[in-house]
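As a plain string of letters, each chain reads:
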Amino acid sequence: MCEERPALLTGAVLWTAGTDPTAPARPVLPDGCMDLIWADGRLLVAGPDTRAHVPTDTAVRYAGLRFAPGDAPRVLGVPARALRDRLVPLEELWSGAEARRTGERITEAPDPAAALEEFVRLRAADAPAPDPLLRAVVASLAAGRPVAETADAVGLGARQLHRRSLDAFGYGPKTLARILRLQRALALVRSGVPYAEAATRAGCADQAHLSREVRSLTGTTLGAYALSANNDTAHPSGSNTTA
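Overview of the structure.

What counts and what doesn't
- Residues numbered from 1 in each chain as written.
- Predicted model: local features only at pLDDT ≥ 70, side-chain atom pairs only at ≥ 80, totals over all residues.
- Heavy atoms only, no water.
- Axes fitted to C-alpha atoms, helices over the stretch in contact; angles between N-to-C directions.
- Helix = DSSP H or I, 4+ residues; strand = E, 2+ residues; numbered from the N terminus.
- Parallel < 35°, antiparallel > 145°, perpendicular 65-115°, else oblique.
- Left-handed = near helix turned anticlockwise from the far one by under 90°.
- Contact = heavy atoms within 4.5 Å.
- Nonpolar A, V, L, I, M, F, W, Y, C, P; charged D, E, K, R; others polar.
- Buried < 20%, exposed > 50% of the residue type's maximum accessible area, 1.4 Å probe, protein only.
- Pairing = 2+ DSSP bridges.

## Details of the packing of helix α7 (residues 173-190) against helix α9 (residues 207-218)
Logical step 1: Where α7 meets α9, the axes come as close as 11 Å, and the angle between the chain directions of the two elements is 115°. Classified by the angle between their axes, α7 and α9 sit roughly perpendicular to one another. For the pair α7 and α9, the crossing hand works out as left-handed. Contacts between α7 and α9 involve R178, R181, L182, A185 and L186 on the former and, on the latter, H209, L210, E213, V214, S216, L217 and T218.
Logical step 2: Tallied by class, residues from the contact of α7 with α9 come to six nonpolar, three polar and three charged.

## Focus: unusual backbone geometry
Logical step 1: The phi torsion at D40 lies on the positive side, around 50°, for a residue other than glycine.
Logical step 2: Positionally, D40 belongs in the loop between β3 (35-39) and β4 (42-46).
Logical step 3: Its relative accessible area of 40% is what places D40 among the partly exposed residues.
Logical step 4: Backbone geometry at D85 places phi at a positive 60°, although glycine is not the residue there.
Logical step 5: Among the structural elements, D85 can be located in the loop between α1 (72-76) and β6 (87-89).
Logical step 6: Overall, D85 belongs to the partly exposed group, its relative accessible area being 24%.

## Some points on the environment of P146
Logical step 1: If you trace the backbone, P146 turns up in the loop between α4 (132-142) and α5 (147-154).
Logical step 2: Separated by 31 residues in sequence, P146 and A177 place their C-alpha atoms 8.0 Å apart.

## Section: the pairing of β4
For a regular strand, the rule is simple: side chains alternate between the two faces of the sheet.
Logical step 1: With four of five residues buried, β4 is to be regarded as a mostly interior element.
Logical step 2: Examined bridge by bridge, β3 and β4 share five bridges and lie antiparallel to one another. Bridge assignment links A39 to a residue of β4, and that residue is R42.
Logical step 3: In sequence, β3 turns back onto β4 through a hairpin of two residues, with D40 there showing a positive phi of about 50°.
Logical step 4: Across three bridges, the pairing between β4 and β6 is antiparallel. Looking at the pairing, V45 lines up with V88 of β6.

Okay, here's the thing in structure tokens:
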């Protein structure tokens with residue numbers, strides 16, 4: 001079962017999960033975010049996804065901090081594009097000794113999730129301040145505004161916005177806009193909004209457009225996603241999502 005709450009770091013989410021070996025793994029969908037994950041004592045970094053993936057890790061207990069889009073690179077010190085569609089041990093990004101010591105401290109804490117959150121909070125305090133321009137880009141795209149309008153609003157040319165987006169989000173603003181639109185639509189579907197209405201409210205041209213985007217970004221159909229979401233609601237303990 002996966003539980004989550006707002007983290008102390010602005011815009012971040014702290015989550016915990018345990019696996020059920022009898023339940024099928026549930027795909028993790030693109031959401032524009034990166035996660036720092038504690039998995040039975042190991043620290044992993046989940047980069048920004050451009051497609052769904054099925055977790056294959058065998059850990060029993062997880063705790064993770066999901067950064068707001070664009071925040072993880074400044075805290076972890078690694079450009080997002082280097083981690084696109086990857087799940088990487090932290091020791092590959094930092095010195096192995098530093099990553100191992102951090103993992104040991106979190107594992108030995110009474111509450112690993114709280115220890116992970118405190119570690120990230122302290123590291124973020126020493127990191128560069130959040131870039132208000134990047135946050136404005138995310139807010140604009142999350143609201144469904146076109147990429148060109150967003151670039152004009154933040155005072156960047158198309159090439160400048162694309163270059164900065166690669167380091168901050170792992171991909172260009174058009175991909176981020178698609179992923180955020182997908183998440184808007186799926187949230188509406190989960191709440192019971194009919195597909196056609198969810199499509200137009202999220203910013204798709206029509207239901208067919210949404211169906212194509214769901215298949216492209218998640219590898220499944222809109223109907224199959226809705227059925228899975230309904231099953232998760234009815235049987236929440238059956239989830240073994242790890243991000």
